[in-house]
Amino acid sequence: MPTRVELFCFCVFVCSVSADYWSERDAIIAKEQTRSVGGHLRLTDREEKVNKILMRYKYKELDDGLVHPKNFLAGQHFFNAKKEIERSKVFNLIKKLPKGASLHSHDMGLVSFECLYNLTYKDNLYVCTNDGPYRLQFFGDKVDKDCDWQLVSTLRQSNSSFDCELKKRLTLVVDDPHVAYSTLNKVWKAFEDIFVAVTGLLGYEPIWREYFYEAMKELYEDNVKYLEFRGILPQVYDTNGKIYDPFEVVGLYYDTLKKFMEDYPDFQGAKFIYTPYRKLDNKTIQDHIVIYEKLKTRYPDFIAGFDLVGQEDAGFPLTSFINELIPMQQNGTPFFFHAGETNWQGATTDLNLLDAVLLDTKRIGHAFALVKHPEIMKMAKHKDIAVEICPISNQVLKLVDDIRNHPGAVLVANDYPVVIAPDDPTFWGAKGLSYDWYIAFMGMASRDDDLRLLKQLAENSIKYSATTTSEKNDMFQHWQEDWNRFLDEVLKEENIINCKCNSIRCQPN
Ligand SMILES: *[C@@H]1O[C@H](CO)[C@@H](O)[C@H](O)[C@H]1NC(C)=O
Ligand SMILES: *[C@@H]1O[C@H](CO)[C@@H](O)[C@H](O)[C@H]1NC(C)=O
Ligand SMILES: *[C@@H]1O[C@H](CO)[C@@H](O)[C@H](O)[C@H]1NC(C)=O
Ligand SMILES: [Zn+2]
């Protein structure tokens, strides 16, 4: 039998050891929390109140998901979850939240699918339904002979299954994506076929303007006030036979932007990243670089920089063009390279990440494979290179299935300069930025990551945009006003809801 004194000593020992254990444990948790994106921010009183509301919604969805994994939306394929996401309270709060800037999307995939599809109702639109992808094209009096072009409006009337077929050809959305797209190459094939189909639709001069205007409007309505997008500057045409060259195409963007900013004076602007196709030979790339230089001279405040586009694994790596890219780097060209959008660790395309970083890219598109490269990761952070994470794109294009396994979670946990972007929302049925933000917030961040994360994501999007210092200052100031208004609105609504509840004598939540 231990004596009383022995027992007492034992107890004190155990208790103090376990107290040490718990305090060490708490300290580590606190340290991890402050080191994640937004973790060092201090919230104001009003922000704290909004945060409580946000987190009440977030915890509810997470707790429900833990019991019924089927209900956890950020863990599912976006095509199956979208309708439910639209009912989520977290999502609806994110929609209202001023999100700053959208920094990664592409010329042909900027708008909602509904908006794109509406354009197929325009007069004089023809379709070529030969084998292979559909093609759409506007004609005046003279219709080309290279295909049996049929009027879309006529087909719609004469053939009841046509409309449905056309719709299918313009979207990746299907009921069962896991069956329809069994491999990454299959989904990329379908994706590239859509681009073939929409090029002639969007490339018609009046549509080109209307479409770009709508793109900015949809962002604006999603509380995004600035856009940086990539484009290949395809041939734009009209029905008089005029073909617009790349300079004129940029001119169309530019004029449309000016018009939009007259109509929406608090929109903060848009800039363009020239992004030729990555599967071209040296000579053609050189031609594109010449075009880029001239564009930059002609539209210095609109042209942001240079990138290459297309399925990375199927195109040429950056090293193929290194003789062209190094001189560009030396004369200060801002690069915004897509890199590491791959699961092939150690392959040449995976190492695009290294070349992007060595070439001083300002941001990396996707950087999906970055966390597998400790040295490149260190360099990227040291050079303060932002990472544009596109969660829905990565899932639809089959780099990751359940978003909770997205490597971006590691970057968020380590306070990398992360921004969240939509890539080509049209083709997966998203719109604006809110869907990607919701999925990142729910699926790529810690349970306790809160309003501070969202606030930091918005701030990052402004900080890492290709804007001048004075443009940035304006954007921050404007964003702060929107942010204050957002806080007011949420708090006001919450009060109204509580009052309503009281008046019918239910418990306020
Ligand atoms: C598409 O067209 C319909 C019918 O004209 C209209 O109600 C709807 O608002 C349009 N949607 C978009 C996104 O433009
Ligand atoms: C109607 O359209 C569908 C889908 O495009 C096509 O498969 C079918 O052959 C068309 N029918 C006729 C009679 O043209
Ligand atoms: C471009 O030229 C370089 C150097 O001659 C060569 O290594 C590379 O493979 C070429 N790129 C392409 C896409 O042909
Ligand atoms: Zn992209």
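This is a predicted model, so every value here is computed, not measured.

(A) Spatial organisation of the layout of surface pockets. Its boundaries defined by the atoms lining it, the largest pocket holds a volume of some 510 Å³. Around the largest pocket, the lining comprises 28 residues; the ones closest to its centre are Phe195, Ile232, Tyr277, Val309 and Gly310. Elements with a contribution of two residues or more to the lining of the largest pocket: α9 (184–202), β5 (224–231) and α12 (282–298). For the lining of the largest pocket, the element with the most residues is α9, which contributes 5 residues. Class assignment for the residues of the lining of the largest pocket results in 12 nonpolar, 10 polar and 6 charged.

(B) Spatial organisation of the sheet that holds strand β4 (residues 150–151). With antiparallel pairing, the 3 strands of this open sheet are ordered in space as β3-β2-β4. Either end of the sheet is taken by a strand with one partner, and the two such strands are β3 (135–138) and β4. As paired elements, strand β2 (residues 125–128) and β4 share 2 bridges and run antiparallel to each other. By the bridge assignment for β4, Val127 is matched with Gln150.

(C) Spotlight on helix α4 (residues 89–96). Taken together, the buried positions of α4 are occupied by Val90, Phe91, Leu93 and Ile94. Projection of α4 onto a plane perpendicular to its axis shows the buried side chains occupying an angular sector of 165°, all on one side. Of the residues that open α4, the one with a side-chain oxygen 3.1 Å from the backbone nitrogen of Val90 is Ser88.

(D) Summary view of the site of ligand 3. Taken together, Leu280, Asn282, Phe316, Ser320, Phe321 and Asn323 form the complete shell of residues around ligand 3. Take Asn282: an N or O atom from its side chain is 2.2 Å from an oxygen atom of ligand 3. A distance of 3.4 Å separates a nitrogen atom of ligand 3 from a polar atom in the backbone of Ser320. Coverage of ligand 3 by the protein chains reaches 49% of its 360 Å² of free accessible surface.

(E) Representation of the coordination of the zinc ion (ligand 4) within the structure. The protein atoms that coordinate the zinc ion (ligand 4) are His104 (NE2), His106 (NE2), His338 (NE2) and Asp423 (OD), at distances of 2.1 to 2.4 Å. For the zinc ion (ligand 4), the 4 donor atoms are set out with angles of 83 to 175° between them, so the coordination reads as irregular. Donor residues for the zinc ion (ligand 4) sit on one chain with the sequence pattern H-x1-H-x231-H-x84-D. Of the two residues, His338 sits in strand β10 (residues 338–339) while Asp423 sits in the loop between β13 (418–420) and α18 (434–443), which places them 85 residues apart along the sequence. With respect to class, His338 is no different from Asp423; both count as buried.

(F) Seen up close, empty space enclosed by the protein. Applying the stated criterion across every chain, the model contains 6 cavities of 30 Å³ or more. The calculated volume of the largest cavity comes to roughly 80 Å³. Lining the largest cavity are Pro98, Lys99, Gly100, Asn223, Lys225, Tyr226, Gln268, Ile462, Met475, His478, Trp479 and Asp482. Breaking the lining of the largest cavity down by element, the ones donating at least two residues are β5 and α20 (469–503). When residues in the lining of the largest cavity are grouped by element, the largest group, 4 residues, is from α20. Here the residues of the lining of the largest cavity sort into 5 nonpolar, 4 polar and 3 charged. The computed volume of the second largest cavity comes to approximately 60 Å³.

(G) Region of the structure containing the pattern of salt bridges. This model, assessed by the stated rule, comprises 31 salt bridges. Of the charged contacts in the structure, one is a salt bridge between Asp222 and Lys99, with a shortest N-O distance of 4.0 Å. One end of the pair, Asp222, is in the loop between α10 (205–221) and β5; the other, Lys99, is in the loop between α4 and β1 (100–102), and 123 residues separate them in sequence. For the pair shown, Asp222 and Lys99 are each scored as buried. For Arg230, the salt bridge goes to Asp307, with nearest N and O atoms at 2.7 Å. With Arg230 in strand β5 and Asp307 in the loop between β9 (303–306) and α13 (322–330), this residue pair connects regions lying 77 residues apart in the sequence. Among the residues examined, Arg230 registers a relative accessible area of 0% and is labelled buried. Overlapping salt bridges, with partners in common, bring together Glu228, Arg230, Asp307, Arg363 and Glu388 in one network.

(H) Quick look at the site of ligand 1. Taken together, the residues surrounding ligand 1 are Glu114, Cys115 and Asn118. The contact in question runs from a nitrogen atom of ligand 1 to an N or O atom on the side chain of Glu114, over 3.1 Å. Measuring from an oxygen atom of ligand 1, one finds a side-chain N or O atom of Asn118 at 2.3 Å.

(I) Just the state of the cysteines, in detail. Under the counting rule described, the total for this entry stands at 1 disulfide. Each sulfur of the disulfide joining Cys128 and Cys147 lies 2.2 Å from the other. Where Cys128 bonds to Cys147 through sulfur, the torsion about that S-S bond is close to 95°, and the disulfide is right-handed. With a gap of 19 residues between them, Cys128 in strand β2 and Cys147 in the loop between β3 and β4 connect regions that are remote in the sequence.

(J) Structural view of helix α2 (residues 45–67). The end-to-end C-alpha distance of α2 is 33 Å, a good match for the 33 Å that 23 residues give at a rise of 1.5 Å each. Looking at α2, one finds that the buried residues are Glu47, Val50, Asn51, Ile53, Leu54, Met55, Tyr57, Lys58, Glu61, Leu62 and Gly65.

(K) Focus on the UniProt feature "domain: Adenosine deaminase" (unreviewed entry) in the chain. The sites that carry the UniProt feature "domain: Adenosine deaminase" (unreviewed entry) are, in the present numbering, residues 183–477. Between the end C-alpha atoms of residues 183–477 there is a gap of 46 Å, over a span that is 47% helix and 12% strand.

(L) Looking closely at unusual backbone geometry. Within the chain, Leu233 stands out as a residue other than glycine whose phi angle is a positive 50°. Looking at the secondary structure, you find Leu233 in the loop between β5 and β6 (236–237). With a phi close to 65°, Lys398 is a non-glycine residue in the positive phi region. With respect to the secondary-structure elements, Lys398 resides in the loop between α16 (391–396) and α17 (408–413).

(M) Region of interest: the packing of α2 against helix α19 (residues 451–463). The geometry of α2 relative to α19 is characterised by a closest axis approach of 9 Å and an angle of 110° between their N-to-C directions. As judged from the angle between their axes, α2 and α19 are roughly perpendicular. Across from Glu47, Val50, Asn51 and Leu54 in α2, the residues of α19 making contact are Leu451, Leu454 and Lys455. Each residue belonging to the contact of α2 with α19 can be placed in one class, and the counts come to 4 nonpolar, 1 polar and 2 charged.

Thresholds, definitions, all that
Residues numbered from 1 in each chain as written. Chains lettered and ligands numbered in written order. Predicted model: local features only at pLDDT ≥ 70, side-chain atom pairs only at ≥ 80, totals over all residues. Heavy atoms only, no water. 1 Å grid on protein atoms, 1.4 Å probe; cavity = no way out; pocket = protein on both sides within 12 Å on 5 of 7 lines; lining within 4 Å. Points joined across faces, edges and corners; volume = space filled by probe spheres on them. Helix = DSSP H or I, 4+ residues; strand = E, 2+ residues; numbered from the N terminus. Nonpolar A, V, L, I, M, F, W, Y, C, P; charged D, E, K, R; others polar. Pairing = 2+ DSSP bridges. Buried < 20%, exposed > 50% of the residue type's maximum accessible area, 1.4 Å probe, protein only. Arc of directions from axis to C-beta. Polar contact = N/O pair within 3.5 Å; in protein donor to acceptor, adjacent residues only side chain to side chain. Near = heavy atom within 4 Å. Areas by Shrake-Rupley, 256 points an atom, 1.4 Å probe, with all protein chains shown as cover. Donors = N, O, S within 2.8 Å, 3.2 Å for Na, K, Ca; no water. Tetrahedral: all angles 85-135°; square planar, octahedral: opposite > 155°, others 65-115°. Salt bridge = Lys/Arg side-chain N within 4 Å of Asp/Glu carboxyl O. Disulfide = S-S within 2.5 Å. Expected span 1.5 Å × (residues − 1). UniProt positions renumbered as here; feature names shortened; annotations may be inferred. Axes fitted to C-alpha atoms, helices over the stretch in contact; angles between N-to-C directions. Parallel < 35°, antiparallel > 145°, perpendicular 65-115°, else oblique. Contact = heavy atoms within 4.5 Å.

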